[in-house]
Amino acid sequence: MIRMGWLQFVHSWRVWVTAIFIFIMSGWLFGFCLTGIFTLQREIPQLINTSQDLTPLFSIPLVFGGITLFLSLKGIIQAVLDEFKNEYQLWNILGANTAQISRLVAVQIGILTLIGTIMGFILAQISIGSVYGWLQFYIGEQVLPTISFNFSFWGFILTIGGEVLICYLAGYQDTKRILHARVRSNIFRLIQNWTRNCVLFIVVVALIKLYFFNNLSGLAVESKETIIANRLFAALFYLIIIQSLSGRFVLPFCLKWITRIKLIQQNAKAGTGRWNVITKPQKMMDTVIPILITQTIIVLLIELFFGIPGAQSDPKNMIVSFIVYIGAPICVVFGNIISLAMLKGRQQRHNLTQLNLMGFTRTDLILERLFESGYYAFSFWIGAMLTNIISYSIMAMGMASMRLENELNFSSIAVWSILVTVVLWAFLAVIDLASIHRWQRQNQLSRN
Amino acid sequence: MMNNSEILTANKIVKTIIRQANAPEIKILQGINLTVHQGEFLSILGPSGSGKTTLLRCLSGLMQPTSGQVHILNQNLYQLSDRKLAQLRRKEISYIFQSYNLLPALPVYDNIVLPLRLGKQKVQPQKVSNLLEELNFTADLKQFPGRLSGGEQQKVAIARALMMDAQIIFADEPTGALDSISRQLIFDQLKKLVDRGVCVIMVTHDIELASKTDRALILQDGQIIQEFMQPTEAELLQAMTSKEGAS
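A quick note: this is a predicted structure, and the numbers were derived from the prediction, not measured.

Draft legend 1. Structural view of the layout of surface pockets. Residue and element names in this part refer to chain A. Put simply, the largest pocket is a space of about 1800 Å³. Going through the elements one at a time, helix H3 (55-72), helix H4 (74-83), helix H7 (153-182), helix H8 (186-212), helix H9 (221-258), helix H12 (281-307) and helix H13 (315-346) are the ones with two or more residues in the lining of the largest pocket. If one sorts the elements of the lining of the largest pocket by residue count, H12 sits on top with eight residues. In terms of residue class, the lining of the largest pocket is made up of 21 nonpolar, 11 polar and nine charged.

Draft legend 2. Spatial organisation of empty space enclosed by the protein. All names here are of chain A. Following the criterion strictly, the structure yields two cavities of 30 Å³ or more and no others. Volume-wise, the largest cavity comes out at about 80 Å³. Looking at the largest cavity, the residues that line it are Lys283, Thr287, Ala341, Lys344, Gly345, Gln348, Ser373, Tyr376, Leu428, Ile431 and Asp432. Mapped onto the lining of the largest cavity, the elements with two or more residues apiece are H12, H13, helix H15 (362-401) and helix H16 (410-447). By residue class, the composition of the lining of the largest cavity is four nonpolar, four polar and three charged. Reported here for the second largest cavity is a volume of approximately 30 Å³.

Draft legend 3. Up close: the confidence of the model for chain A. On average, residues of chain A carry a pLDDT of 82, and 91% of them reach 70 or more. Here helix H10 (residues 262-265) of chain A stands out as the least confident element of chain A, with mean pLDDT 72; helix H6 (residues 98-139) of chain A is the most confident, with 90.

Draft legend 4. Spotlight on the confidence of the model for chain B. Residues and elements named next belong to chain B. On average, residues of chain B score 88 in pLDDT, and 96% of them are at 70 or above. Strand S3 (residues 41-45) holds the highest mean pLDDT among the elements of chain B, 96, whereas helix H8 (residues 233-246) holds the lowest, 78. Interface confidence for the predicted complex, given as ipTM, is 0.76, next to a pTM of 0.77.

Draft legend 5. Looking closely at helix H1 (residues 52-60) of chain B. Residue and element names in this part refer to chain B. Where burial is concerned, most of H1 is hidden: seven out of the nine residues are buried. Of the residues making up H1, those classed as buried are Lys52, Thr54, Leu55, Leu56, Cys58, Leu59 and Ser60. Count one or two residues on from H1 and you reach Gly61, which has phi positive near 90°.

Draft legend 6. Broad picture of the packing of helix H2 (residues 21-43) of chain A against H3(A). Residues and elements named next belong to chain A. Running from amino to carboxyl end, H2 crosses H3 at an angle of 155°, the nearest separation of the two axes being 9 Å. Judged by the angle between their axes, H2 and H3 are roughly antiparallel. Our pair here, H2 against H3, has a crossing hand that is left-handed. Of H3, the residues touching H2 (which contributes Ile22, Ser26, Leu29, Phe30, Phe32, Cys33, Leu34, Gly36, Ile37 and Leu40) are Thr55, Phe58, Ser59, Pro61, Leu62, Gly65, Gly66, Leu69 and Ser72. A breakdown of the residues in the contact of H2 with H3 according to their chemical character gives 12 nonpolar, seven polar and no charged.

Cut-offs and rules
- Residues numbered from 1 in each chain as written.
- Chains lettered and ligands numbered in written order.
- Predicted model: local features only at pLDDT ≥ 70, side-chain atom pairs only at ≥ 80, totals over all residues.
- Heavy atoms only, no water.
- 1 Å grid on protein atoms, 1.4 Å probe; cavity = no way out; pocket = protein on both sides within 12 Å on 5 of 7 lines; lining within 4 Å.
- Points joined across faces, edges and corners; volume = space filled by probe spheres on them.
- Helix = DSSP H or I, 4+ residues; strand = E, 2+ residues; numbered from the N terminus.
- Nonpolar A, V, L, I, M, F, W, Y, C, P; charged D, E, K, R; others polar.
- pLDDT = per-residue confidence, 0-100.
- Buried < 20%, exposed > 50% of the residue type's maximum accessible area, 1.4 Å probe, protein only.
- Axes fitted to C-alpha atoms, helices over the stretch in contact; angles between N-to-C directions.
- Parallel < 35°, antiparallel > 145°, perpendicular 65-115°, else oblique.
- Left-handed = near helix turned anticlockwise from the far one by under 90°.
- Contact = heavy atoms within 4.5 Å.

Pasting the structure below:
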């Protein structure tokens, strides 16, 4: 199966390579962390297992990044299986069972991971000194002593081996799950939907309770900040679940109703873009929801660090905690979003050809895609504003009931959301423009 | 209960689809009963939209019927596990489509021996070469399918069926995309397979080829309306033109 996986990879490398960014990103992360760990053991062994041990600064992101990587690959695998649907169906027709097809895909992911990880590791070697220096600047030399980072052979081996293993296993697992999902019975799907709706209902009720029950007065002064922080973490947990389970339905629904303007519907480009977004909830799921969740986490941390008085008394600890616990998963999620967006960009040619046959010129296609990416960005903004209003209100009302001063203005959160929306629009627009350019070039080649 | 020479039985096969939510069901197949024997060459004809390809896909395990049963080699096709179905496809059942029969990623040799490799069976390279010589295949075994002509691709698909000693072959317009010479060559190869005891079930629009099969079924509106044993071209032409005129 390794040989067949290699042959299949060679045949479909152009598609796979558009997804390489996440593997480069995680290769960088793994390379950075493992080089750091081995360097610490070599340079400052006396600090290992003491209170000044810096190993957690590298090991915790490694673990959290690895877990995030394992969980993030499903979207990429789904996109590749969709691209080569006919081929994988033919494998099945010719006698390959689900496990064999899963191994076939897993081998290809392993090969791509190997290439991406090596590139990421090289980048890590180049950048590790600068990144550590930057951290040192913000956190201080007392916490982060000066260390000389050098290439670590075992760091290299473990980076490659660890990442290839994680991605192979994730690839196998996710492919199997996707293939089985396609043949699941209607009853199973009904149970799945019912379970999802029940979980959503429970979480929404919990969030409403959190929102409206804000009378926290009478509690001990020392615990007030902690209580508000805990309530914010609870809100974050509920909001992430709501976004994951309902985002792909709620956001297109909101978009559909908000854009029910004749001006939009009657315009060929704006109207077509609108329907293309509303009828593809999977793209919303893959592209917008992960960014929305990441945005929610970051906004919550901003509210924690800058809204609650006293939280800024130890900014260094805040930065370290952020980097250690959140930084790695955010890097991997960011890499995943870029990979997915580029993969989806590739799959546009059929739609572009259809529109072209119906009379869309190149300019029309560009405008239509700009509207589409604008709608995705706008959907993100709707979700972000709703979420931010909820989390900010929970914080603000809790602090008001305890007579604590709210040090964070909502306008700064709103500006942050708008900035992310604009960046998202620009990013999606660039990918779409590149897709149109590639499609046009392929069209010209096939005509000649 | 199937007797020894029956290789496939289909009982009350119905296939309905719903194209859009809240739209009425469309019945593509309406209670088809069919028995096919070992070493039989069966052709299925009918006007466009009569359900020929749907019937073939239901009989071959590619599409689950809405109701009804299909038994191949005494096994209920739609009650087999994923593993057992894959085993059946490696050893007993082969498929030849009008196009897209071969995996574009694999060279000719690997395409031919793929079912054997999937079943972890031993591969005899000499047997592959001998088979391809028999089929008059002249291209390189290391070539990729994209570089082969339509006729050559179909020969590779037939070679694959021969390598795995398939007992039943489902062919959907196997000569549809070929020139007249290749068409005859491929059909002759299918006939040779039948002479070796393989059962071939073929969907075709080609009346001339269908007249050279053992049995021909005429399908219309999802039902078998006529059956001919040792059909002649004239019979089939009359049956087809009268049905097309009526519809």
